[in-house]
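# Architecture at a glance
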Amino acid sequence: QYVDPCDRSRLQGFFSFTMELFFENLGVLGLFLSAFISSTVAPGGSEAVLAYLVVDGHHNVWVLVAVASLGNTLGALTTWWLGTWASVKFPVSKVLSARQQKAIGTVKKWGVLALLFSWLPVVGDGLCFAAGWLRLPLLSGVIAIAVGKIARYSFVVFLFVWFCFWFYFFFF
């Protein structure tokens, strides 16, 4: 007999009442907004929202991964745009010290491949900002950012389902 590792009745205690009320009303739109905000300069908790919606079971998991990845990628592009705007007002050579310019040179060396790590907290925002500031190619940058974000959210879902399975296995 198959036992659902993410049985909502067993895992609902992991989430606060406020979160449940908010995302029962907004659902996938709430996930998109959370992922978008999480990828800009403001902190967010899109992984928790994704986990909640996976447990909720009303949506296909891959649709949730796609929505979270899209929101997070668009948030990263907002940070990219801020970097592009900053480069007009503050050229690299006039703002940064020699040491900081060397760091920018490292980003130039790796180019858009560095954006595969744009999913990392704190560091990812800086990579997207630097990519805009350095005016790296937009299309290849968007692809690299999206690949990193999709991999991130897929891994989050995998870990969450794996955790649910073992939690259920050991405690129920």
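Residues numbered from 1 in each chain as written. Predicted model: local features only at pLDDT ≥ 70, side-chain atom pairs only at ≥ 80, totals over all residues. Heavy atoms only, no water.

## As for the packing of helix H3 (residues 46-56) against helix H4 (residues 61-89)
At a closest axis distance of 10 Å, the pairing of H3 and H4 adopts a crossing angle of 160°. By the angle between their axes, H3 is roughly antiparallel relative to H4. The two elements H3 and H4 cross, and the hand of that crossing is right-handed. Note on element contacts: H4 touches H3 through Val61, Leu64, Val65 and Asn72, opposite Ser46, Leu50, Leu53 and Val54. In the contact of H3 with H4, the residues fall into six nonpolar, two polar and no charged. (Axes fitted to C-alpha atoms, helices over the stretch in contact; angles between N-to-C directions. Helix = DSSP H or I, 4+ residues; strand = E, 2+ residues; numbered from the N terminus. Parallel < 35°, antiparallel > 145°, perpendicular 65-115°, else oblique. Left-handed = near helix turned anticlockwise from the far one by under 90°. Contact = heavy atoms within 4.5 Å. Nonpolar A, V, L, I, M, F, W, Y, C, P; charged D, E, K, R; others polar.)

## Overview of the nonpolar core
Considering soluble globular proteins, one finds that nonpolar side chains tend to be buried as a cluster. The biggest cluster of nonpolar side chains holds 17 residues, and the ones touching the most others in it are Leu31, Leu50, Leu53, Val54, Leu64, Tyr153 and Phe160. Counting residues per element, the ones that place at least two in this core are helix H2 (17-38), H3, H4 and helix H8 (138-171). Of all the elements, H3 adds the most residues to this core, at seven residues. Within the second largest apolar cluster, 14 residues are counted, among which are Ala76, Trp80, Leu115 and Leu127. (Core = buried A, V, L, I, M, F, W, Y, C linked by side-chain atoms within 4.5 Å. Buried < 20%, exposed > 50% of the residue type's maximum accessible area, 1.4 Å probe, protein only.)

## So, the side chain of Arg152
With respect to the element layout, Arg152 can be found in helix H8. The class for Arg152 is buried, based on a relative accessible area of 16%. Those residues in contact with Arg152 that lie beyond four places of it in its chain are Ser46, Glu47, Asn72 and Trp119.

## As for the environment of Gly126
With respect to the element layout, Gly126 can be found in helix H7 (residues 123-133). Judged by its relative accessible area of 36%, Gly126 falls in the partly exposed class. For the pair formed by Gly126 and Trp80, sequence separation is 46 residues and the distance between their alpha carbons is 9.1 Å.

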